[in-house]
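# Geometric and topological summary
For reference, the chains in residue letters:
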Amino acid sequence: MNDEMMRAAAFAEPGGPEVLRVTELPAPQAGPGQVRVRVRTAGVQPFDAAVRAGWVPQGLTGGLPRIPGNEFAGVVDQVGRA
């Protein structure tokens, strides 16, 4: 088992900006054909604010806690198998 952890601004319940908490979560692992990016900068758009407020767009999977931010820049730090 990999016990690598990451820190992220996340929310565990819908609401305004006050529901965001810096949280420690298990770091994702790159699967086949994927890369993992160590995020240095993230942008939060109106879409993310709507999801944080409780809107669930079609196709969104996974439960809470949820990490907002669909735009980011960083460094690839793990590559999955081809």
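Here's what I pulled together on the structure shown here. (Residues numbered from 1 in each chain as written. Predicted model: local features only at pLDDT ≥ 70, side-chain atom pairs only at ≥ 80, totals over all residues. Heavy atoms only, no water.)

### Digging into a nonpolar patch on the surface
Which entries qualify depends on this criterion: Here, patches come from residues exposed beyond 30% relative accessible area and free of salt bridges, joined within 9 Å for like charges and within 5 Å for nonpolar side chains (Val, Leu, Ile, Met, Phe, Trp, Tyr). Surface exposure here means Shrake-Rupley accessible area, sampled with a 1.4 Å probe, where a residue is shielded only by the protein chains that are shown. Salt bridge criterion: a side-chain nitrogen from Lys or Arg within 4 Å of a carboxyl oxygen from Asp or Glu. Numbering goes from the N terminus for both helices and strands, where a helix is a DSSP run of H or I of at least four residues and a strand is a run of E of at least two. Relative accessible area decides the class of each residue, using a 1.4 Å probe on protein chains only: under 20% of the type maximum gives buried, over 50% gives exposed, and in between gives partly exposed.
Together, Val35, Val76 and Val79 make up a nonpolar patch on the protein surface, roughly 270 Å² of accessible area in all. Structurally, the position occupied by Val79 is in strand S4 (residues 71-79). Take Val79: its relative accessible area is 61%, and that puts it in the exposed class.

### A word on the layout of surface pockets
Operational definition: A 1.4 Å probe that fits into a set of points on a 1 Å grid over the protein atoms alone but cannot get out defines a cavity; an open set with protein on both sides within 12 Å along at least five of seven lines defines a pocket, and lining residues are those with an atom within 4 Å of a point. Grid points are joined across faces, edges and corners, and a volume is the space filled by probe spheres set on the points. Each residue is assigned to one of three groups, with Ala, Val, Leu, Ile, Met, Phe, Trp, Tyr, Cys and Pro labelled nonpolar, Asp, Glu, Lys and Arg labelled charged, and all others, Gly among them, labelled polar.
The computed volume of the largest pocket comes to approximately 810 Å³. If you trace the largest pocket, you find 24 residues lining it, with Met6, Ala8, Val37, Val39 and Ile67 closest to the centre. Elements that contribute at least two residues to the lining of the largest pocket include exactly strand S1 (5-10), strand S3 (35-43) and S4. Looking at the lining of the largest pocket, the element that brings in the most residues is S3, giving six residues. Of the residues assigned to the lining of the largest pocket, the class counts are 16 nonpolar, three polar and five charged. Put simply, the second largest pocket is a space of about 290 Å³. Around the second largest pocket sit Leu25, Phe47, Asp48, Val51, Leu60, Thr61, Pro65, Arg66, Ile67, Pro68, Gly69 and Asn70, which together line it. Here the lining of the second largest pocket gets three residues from one element, more than from any other, and that element is helix H1 (residues 46-52). Looking at the lining of the second largest pocket residue by residue, the class counts come to seven nonpolar, three polar and two charged.

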